[in-house]
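What follows is the residue order along each chain.
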Amino acid sequence: MGSRSAPLEARLRRDGLWGAGRRPLCSAAVIPTALALLAASLLVWACARVLAGYGPRDPGLVQLSAREAAFFAAAADAAFPPGGGLPSGSEAGVVAHLDGWLALLPARNRLLIRLLVLFFEHATLLFPAPGRGGRRRFTRLSPAQRGALLEDWGRSRLRLRRIVFASLRTLLTSSYFASPAVLRGVGLAPLAIETPVVEADLLWPPVGRGREAIRWTRADLERPVPRTPLDPHGPLHPAYAGERR
Amino acid sequence: MSGLVRVYADYRGPVADRCDVVVVGSGPCGAVAAYELAAAGRDVVLLEEGPPFTPEDFELDGARSMARTMREGGLRFTTGYVMPTMQAIALGGGSLVNSAICGRCPEFRFAEWAEAASLERTTRRDLDPHYDAIAEFLGIAPTPDEVQGRRNLLFRDGCKALGWDCEPCARNVVGCRGSGECFTGCRARAKQSMDISYVPAAIRAGARVYTSVQVQRVCASGRRATGVEGRVVAPFTGAPGPSVRIEARAVVLAAGVLATPLLLRRSGDLANGSGQVGENLQFHPGTSVMGVFPDPVEPVFGATQGYQSLHFLREGFKLETLWAPPGVLAVRLPGSGLAFKQNLLDMRRAAVWDCIASCRRSFGRVRERGRSLQPAIRWHFHPEDARTLGRAVWALAQIFFAAGAERILPGVAGLPDELHSLEEARVLEQRPPRAADLVVASTHVFGTTRMHGDPRKGVVDEDCRAHDLDNLYIVDTGVFPGSPAVNPMFTGMALARRAALALAGRL
């Protein structure tokens, strides 16, 4: 026992706390115990930060977890807030689109996107949002803080940070533009085109289907279709039809 | 039709076949080679990992389209310098989803290749007959004014005001309607992508086409390739199916610059006596600038890439117009929140133009990523090449203001989001951006199985035949000794045609 613990032992003996068979308290035991308590506290805090407080998972989603969906919803509305003459991220159905798009990706890319979400959600620990509580996870920030944080990432001097932001913005923007209302709103909805039948259309069916799905015959090759330049103000593709700006 | 084509649903068990020539990859180079060999009376099998697409399969939604037609869902990127790069996986390869630009490699670049790679008969004059034959077959012609749309014609006007050379892009398109949808599949069926041009012609000439077949190994014995082995794979998911084995008197690899080297390395480091397989990777990194005009441009109408300027080709960059799914273009717009939305609303008055740089100092390499057939791509962007691209951005800015733009959005980190005059834009000239400041991407790639007159320094000879094997040919753009300065597809096809005719003569 070191000399520094001697007064403590004397105090314990005086107070009747130094019992037979009891191991003496010493600094060598206090430090590991304190560290263990600290680690446990950190673990509890990290679990609470990462796992707790998210709402139930939307049963309509296939790929996204409740946490991921909450993140994308918050990020989409930060990137595309209500107002400004265009739908908000939520109104454009960004989360549902992302869910469907993720299903098309290879497993490795899905994993990378999940890691991107996890990182961005908690990157406020490294790069806090402005204002009070700026180190809370992204989904717990106020809408104004989320918007300011995205702006900050996009203008960072660190290229790596800008790349992370660009990756997130790519996901959000391409999903936002999947909305016919958005495309009509910006005046960029695709135009209607009558597709002619070509020789190749008699050779194979649509992807993943059998030959019985080939619905064209040689007679269809002769079907006349317009070959004139499109009119930018002409009719829209049926899937995007609606009121134009 | 005298040949046949098999799709995923046709496979019921292991596939075994025998032929004169097996061609791996149905992109522009492989399709041309397959057709020429079949037309010359050779028994040809053409293998393609991707499925054939019909207009019913096209997705106008850019994200979903890329996820279905591009390898790794369109999310492939380089390390070293992080840059997205896209390679297609479909019958017809990249031609299904490219903008159809067909540019002939300039004479000066052929001369540089000849000197650097000890080539004797790979000049513009040598290849012109092949360019001509392909141009006639595909109907390659300059984009007509009536389908240019205002966003392309403004580029022309800007170039002319500056006195810079410009021209309508020659494209393999017949009857363009100006939908601007080249990158998601041409609904007008005007683009003569390989799946509706050379591949059906090859089938007519007797070729057998197996789609959804992933080649995993080239078989060889001594100095001779004996065929290929692989698997049927499901479209989009890549789920493995029955085995495939094709025996052949000659093997032609056109799997692409990033796949062919991996295939060779997995096949016992085949054709790699030079040690150059997978090395010398080069790109044409490109970046774009948006300009906003006072009046509506209606960019939804017009050829995807209708105009170009080769004025600065010798300085190392090419300028061109660009359109893509709006969601892809919008990613680079500055601002967030309502300011970002305002920029989206301004897209109707905007044109997007881009530049690509030859980047002759920037190299990389491709290797296997674990046990997969996906590549690990490492590439470095040389600072001098980045400066060249920066000069190209400055050139675009000048064209925009000469054409009457009210402002440009340069998309360069560290600069203002918007530049409102030529004077303001001079910051691009005075403070050339560094590599880290630019947002670049690339689909043009070459060099990983380069052609060289010296077998110790290159993988193939001038007929695209492997130095180490007597009957193995590589005909994708990996054989380029360096950057072709312009879009690579046409030159790749010309080299493939020459190689196919040489091979047909030897069988």
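Definitions and cut-offs
- Residues numbered from 1 in each chain as written.
- Chains lettered and ligands numbered in written order.
- Predicted model: local features only at pLDDT ≥ 70, side-chain atom pairs only at ≥ 80, totals over all residues.
- Heavy atoms only, no water.
- Pairing = 2+ DSSP bridges.
- Helix = DSSP H or I, 4+ residues; strand = E, 2+ residues; numbered from the N terminus.
- Axes fitted to C-alpha atoms, helices over the stretch in contact; angles between N-to-C directions.
- Parallel < 35°, antiparallel > 145°, perpendicular 65-115°, else oblique.
- Contact = heavy atoms within 4.5 Å.
- Nonpolar A, V, L, I, M, F, W, Y, C, P; charged D, E, K, R; others polar.
- Phe/Tyr/Trp six-rings, centres within 6.5 Å; stacked < 30°, edge-to-face > 60°.
- Buried < 20%, exposed > 50% of the residue type's maximum accessible area, 1.4 Å probe, protein only.
- Lys NZ or Arg CZ within 6 Å of the ring centre and 35° of its normal.

S.K.: Could you give an account of the pairing of strand β4 (residues 77–80) of chain B, naming the residues involved and the relevant values?
M.R.: Residues and elements named next belong to chain B. With two bridges connecting them, β4 and strand β5 (residues 83–84) associate as antiparallel partners. Residue pairing for β5: T78 is matched across the bridge by M83. Remark: two residues form the turn of the hairpin made by β4 and β5, two consecutive strands paired antiparallel. The pairing of β4 with strand β19 (residues 375–379) spans two bridges and is classified as parallel. Paired with G80 across the strands is W379, a residue of β19.

S.K.: Break down the packing of helix α6 (residues 143–154) of chain A against helix α7 (residues 159–176) of chain A for me, citing the residues and quoting the values.
M.R.: All names here are of chain A. Remark: α6 packs on α7, axes separated minimally by 8 Å, with the N-to-C direction vectors making an angle of 125 degrees. Here α6 lies oblique to α7, going by the angle between them. On α7, the residues touching L150, D152, W153 and G154 of α6 are R161, R162, V164, F165 and L168. Looking at the contact of α6 with α7 residue by residue, the classes come out as five nonpolar, one polar and three charged.

S.K.: Requested: an account of the packing of aromatic side chains, with residues and values cited.
M.R.: Two descriptors summarise a pair of aromatic rings, namely the distance from one centre to the other and the angle between the planes of the rings. Taken as a whole and assessed by the stated rule, the structure comprises 28 aromatic pairs over all chains. Centroid distance F155 of chain B to W353 of chain B: 5.2 Å. Interplanar angle 85 degrees. Geometry classified as edge-to-face. Within this pair, whereas F155 of chain B is found in helix α5 (residues 149–162), its partner W353 of chain B is found in strand β17 (residues 350–357), the two being separated by 198 residues in sequence. Each member of the pair F155 of chain B and W353 of chain B is classed as buried. Ring-pair connections join several aromatic residues into one group, and the members of that group are F71, F72, F119, F120, F127, F138 and W153 of chain A. Note that R159 of chain A overlies the ring of Y81 of chain B, its terminal NZ or CZ placed 3.9 Å from the centroid.

S.K.: Could you give an account of the environment of A141 of chain B, with specific residues and numbers?
M.R.: All names here are of chain B. Position of A141 relative to the elements: it lies in strand β6 (residues 141–142). On a C-alpha basis, the gap between A141 and C169 in space is 8.0 Å, while along the polypeptide they are 28 residues apart. If we skip the residues at most four places from it in the chain, A141 touches C169, A170 and R171.

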